[in-house]
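If you want the building blocks of each chain, they are given just below.
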Amino acid sequence: MARAFERSRFGDPTLDLVDKMTAPLWNRLDDYLRAIIAAFFVAIFAVGGIHLTPDIKTPAEWVSWLQLVIAAMIFSRVTVPVAGLGIVAR
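Starting from 1, residues in each chain are numbered consecutively following that chain's sequence as written. Since the coordinates come from a predicted model, pLDDT governs what is reported: local features require at least 70, and pairs of side-chain atoms require 80 or more to be given and counted, while whole-chain, interface and lining totals use all residues. Note: side-chain values were computed over all heavy atoms of the structure, leaving out hydrogens and water.

Here we look at the pairing of strand 2 (residues 53-57)
What counts here: Type-normalised accessible area, obtained with a 1.4 Å probe on protein chains alone, sets the label of each residue: buried when under 20%, exposed when over 50%, and partly exposed for intermediate values. Strands here mean DSSP runs of E at least two residues long; helices mean DSSP runs of H or I at least four residues long; both are numbered from the N terminus. Strands pair, by our definition, only if DSSP identifies at least two bridges between them.
Taking burial as the measure, the 5 residues of strand 2 include 0 buried ones, a minor fraction of the element. Sheet topology note: the strand 1 (residues 50-51)/strand 2 ladder contains 2 bridges and is antiparallel. Its bridge partner lying in strand 2, H51 is registered against T53. Hairpin remark: strand 1 followed by strand 2, antiparallel, with 1 residue in the connecting loop; positive phi at L52, about 75°.

The following block contains the structure:
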């Protein structure tokens, strides 16, 4: 039914409208992903004692603080590579 709707005379205007409505999200997709990554690292910092996933626990307090620093570095284009290295190196 979706394909039949797309081929109808209403299909192109509808798809153009959807593209126009979602263009702001597509244009800032990298910012959206950074916000999600930062929220994840803030959440595991808040829980504490977690090393990247809830399955891997650690008693080291510095790991939680490193995760908070990574979350802060995600938002700047200059520090994103450092944050990426922090994610991989942990």
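Text resumes after the structure shown.
Things to note about a nonpolar patch on the surface
The condition that has to hold: A patch consists of residues exposed above 30% relative accessible area that lack any salt bridge, with like charges linked at up to 9 Å and nonpolar side chains (Val, Leu, Ile, Met, Phe, Trp, Tyr) linked at up to 5 Å. Surface accessibility follows the Shrake-Rupley procedure with a 1.4 Å probe radius. Residue values consider only the protein chains on display as shielding. Take a side-chain nitrogen of Lys or Arg and a carboxyl oxygen of Asp or Glu: if they are within 4 Å of each other, that pair is a salt bridge.
A grouping of W26, L29, Y32, L33, I36 and I37 is seen on the molecular surface, where their side chains present a nonpolar patch of about 610 Å² in accessible area. The element best represented in the nonpolar patch is helix 3 (residues 29-47), accounting for 5 residues. Judged by its relative accessible area of 45%, L33 is partly exposed.

What to know about the pattern of salt bridges
All told, the structure shown has 5 salt bridges when counted by the stated rule. Note that R3 and E6 form a salt bridge whose closest N and O atoms lie 3.0 Å from each other. On the criterion of helical spacing, the pair formed by R3 and E6 is a turn pair, its members being 3 residues apart in helix 1 (residues 2-7). D31 serves as the salt-bridge partner of R34, at 3.8 Å between the closest nitrogen and oxygen. Taken together, the residues R34 and D31, both in helix 3 and 3 residues apart, mark about one turn of the helix. For R34, a relative accessible area of 13% corresponds to the buried category. Under the relative-accessibility criterion, D31 is labelled partly exposed at 26%.

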